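Observations on the three-dimensional arrangement
Listed here are the chains, written in short residue letters.
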Amino acid sequence: MDNDQQSKESTDRSDLVSEDGKNSKSVVCQRCGSKVLCPGMAVLVEKELFLPSMRKKSGPSTTEGSVDGDTLTTHWFVQDMFDFDNVGFTKDVGKIKYLICADCEIGPIGWHCLDDLTSYYVAVERDFHSPLSH
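Residues numbered from 1 in each chain as written. Predicted model: local features only at pLDDT ≥ 70, side-chain atom pairs only at ≥ 80, totals over all residues. Heavy atoms only, no water.

1. Here's the deal with the sheet that holds strand β3 (residues 43-52)
Strand order in this open sheet of six strands is β3-β7-β12-β11-β9-β8, and the pairing throughout is antiparallel. Each edge of the sheet is formed by a strand with only one pairing partner; in this case those strands are β3 and β8 (87-89). Averaged over neighbouring strand pairs, the angle between their axes works out to 35 degrees when direction is ignored. (Pairing = 2+ DSSP bridges. Helix = DSSP H or I, 4+ residues; strand = E, 2+ residues; numbered from the N terminus. Axes fitted to C-alpha atoms, helices over the stretch in contact; angles between N-to-C directions.)

2. A look at the pairing of strand β1 (residues 26-29)
A regular strand places its side chains so that they alternate between the two faces of the sheet. In terms of strand pairing, β1 meets strand β13 (residues 127-130) through four bridges, oriented antiparallel. The residue of β13 that forms the bridge with Val27 is His129. Two successive antiparallel strands, β1 and strand β2 (residues 35-37), enclose a turn made up of five residues, where Gly33 displays a positive phi of approximately 80 degrees.

3. Topic: the packing of aromatic side chains
Evaluation of the coordinates by the stated rule reveals four aromatic pairs. When the ring of Phe84 is compared with that of Tyr120, the centres are 6.1 Å apart and the planes differ by 80 degrees; the resulting orientation is edge-to-face. Of this pair, Phe84 sits in the loop between β7 (69-78) and β8 while Tyr120 sits in strand β12 (residues 120-123), and the two are 36 residues apart along the sequence. Under the relative-accessibility criterion, Phe84 is labelled buried at 9%. Since its relative accessible area comes to 4%, Tyr120 is described here as buried. Ring pairs connect the aromatic residues Phe77, Trp111 and Tyr121, which therefore count as one cluster. (Phe/Tyr/Trp six-rings, centres within 6.5 Å; stacked < 30°, edge-to-face > 60°. Buried < 20%, exposed > 50% of the residue type's maximum accessible area, 1.4 Å probe, protein only.)

Structural data, given as structure tokens:
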């Protein structure tokens, strides 16, 4: 995604957030369209997190010891892993588990630190939003 497209998307997210600050649309996988979160299940937050580049389930892509990826700042914050409709988790990478689509296994779409069992983050830039409700 180029910087112009990314900044356009990040400047206007008002159509994604309801009056109570939660997601007003379903959050769905970019690749297969599987529903990750129903409307009203997550809060939009700003937090700087590094996510490796997206790919189907496999080992992280590395170039001379560094992992390819992006530092993303806008996320859907979820406090309970059972609030997700369709999400999988990678094996532990240090104290981190990455969130992936449970249907097509593309990811990572989000981030979870094992030190905090009530914090799950889904990157807004790595998902689509569908107006369809539950």
